Amino acid sequence: MVDFARVQKELQDCNKDFEVSGIKVSPKGDTNLTHLFGTIHGPVGTPYEGGTFKIDITLPDGYPFEPPKMQFATKVWHPNISSQSGAICLDILKDQWSPALTLKTALLSVQALLSAPEPDDPQDAVVAQQYLKDYQTFVGTARYWTEAFAKTLSLGVEEKVQKLVEMGFGEALVRSALESVGGDENMALEKLCSS
């Protein structure tokens with residue numbers, strides 16, 4: 001049976017220093033403490049910088065003796081995260097979990113994973129191959145996905161596509177150009193004009 005008193009305390013601990021840690025956890029519904037949403041910020045100096053990533057958290061009946069089930073609700077391009085389902089390949093969410101760990105430490109570990117991918121132990125083989133064989137394209141794609149799916153305040157990708165299509169470029173070509181330059185509208189325009 002889930003230890004709800006512990007979960008309440010963990011939620012309070014996570015949310016009291018949100019400004020410092022960038023980690024926040026809240027119940028998905030009004031009162032259900034077994035289904036939660038976590039929020040992490042993309043680490044500085046990575047293609048995920050500036051993004052806000054939502055993580056779907058389900059607590060099994062055996063929590064805290066069993067690890068929480070976590071998966072990204074925000075699409076992310078990363079070798080250890082499925083680009084299709086958001087599943088996360090991280091040892092502490094599997095066999096290295098300990099009851100001494102908390103939701104906050106698990107989310108901090110997920111955030112650290114964004115900074116330090118492990119392409120030799122991938123969740124998404126396509127992304128891992130790109131990371132190993134064409135790192136610059138990986139970085140551009142990861143930035144593009146962050147812009148497209150994890151940034152709410154900046155001009156969205158669809159608006160950028162619309163603007164460039166209105167300039168007379170084909171939509172497929174525009175999307176490809178934006179993706180190759182990490183979502184930078186000006187660089188995409190330069191690329192489109194020079195091709």
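Above this text is the structure in question.
The rules behind each value
Residues numbered from 1 in each chain as written. Predicted model: local features only at pLDDT ≥ 70, side-chain atom pairs only at ≥ 80, totals over all residues. Heavy atoms only, no water. Helix = DSSP H or I, 4+ residues; strand = E, 2+ residues; numbered from the N terminus. Buried < 20%, exposed > 50% of the residue type's maximum accessible area, 1.4 Å probe, protein only. Contact = heavy atoms within 4.5 Å. Lys, Arg positive; Asp, Glu negative; His and termini not counted. Charge placed at Lys NZ, Arg CZ, Asp CG, Glu CD. Salt bridge = Lys/Arg side-chain N within 4 Å of Asp/Glu carboxyl O. Polar contact = N/O pair within 3.5 Å; in protein donor to acceptor, adjacent residues only side chain to side chain. Core = buried A, V, L, I, M, F, W, Y, C linked by side-chain atoms within 4.5 Å. Pairing = 2+ DSSP bridges.

(A) Representation of the overall build of the protein chain within the structure. Assigned secondary structure in the protein chain consists of eight helices and four strands. What you see in the protein chain, going N to C, is helices and strands ordered as α-α-β-β-β-β-α-α-α-α-α-α. Judged by the C-alpha coordinates and their principal axes, the protein chain covers about 60 × 35 × 25 Å. Among the 195 residues that make up the protein chain, the fraction classed as buried is 46%. Across the protein chain, every contact between residues at least 6 apart in sequence was considered, and the portion connecting residues at least 24 apart equals 51%. Side-chain charges in the protein chain split into 17 positive and 26 negative, and the spacing between the mean points of these groups amounts to 2 Å.

(B) How the structure looks around the side chain of Asp124. As for its position among the elements, Asp124 is in the loop between helix H3 (103–115) and helix H4 (125–133). For Asp124, which is buried and forms no salt bridge, the nearest opposite charge comes from Lys75, at a distance of 8.7 Å. Engagement of the side chain of Asp124 in a polar contact is seen with the backbone nitrogen of Val126, the distance being 3.3 Å. Ignoring sequence-local partners within four residues, the contact set of Asp124 consists of His78, Pro79, Ile81, Ser82 and Ser83.

(C) Molecular detail of the nonpolar core. Membership of the largest hydrophobic core comes to 48 residues, with the highest contact counts inside it found for Ile40, Ile57, Met70, Phe72 and Val110. In this view, Val110 contacts Ile40, Ile55, Met70, Phe72, Ile88, Leu90 and Leu93; residues no more than four positions away in its chain are not counted.

(D) How the structure looks around the pairing of strand E3 (residues 52–58). Strand direction decides the pairing type here: strand E2 (residues 35–41) and E3, joined by seven bridges, are antiparallel. Across the sheet, the residue bridging to Gly38 is Ile55, located in E3. Relative to strand E4 (residues 69–72), E3 is paired through four bridges, and the arrangement is antiparallel. Pairing of Ile55 across the sheet is with Phe72, part of E4.

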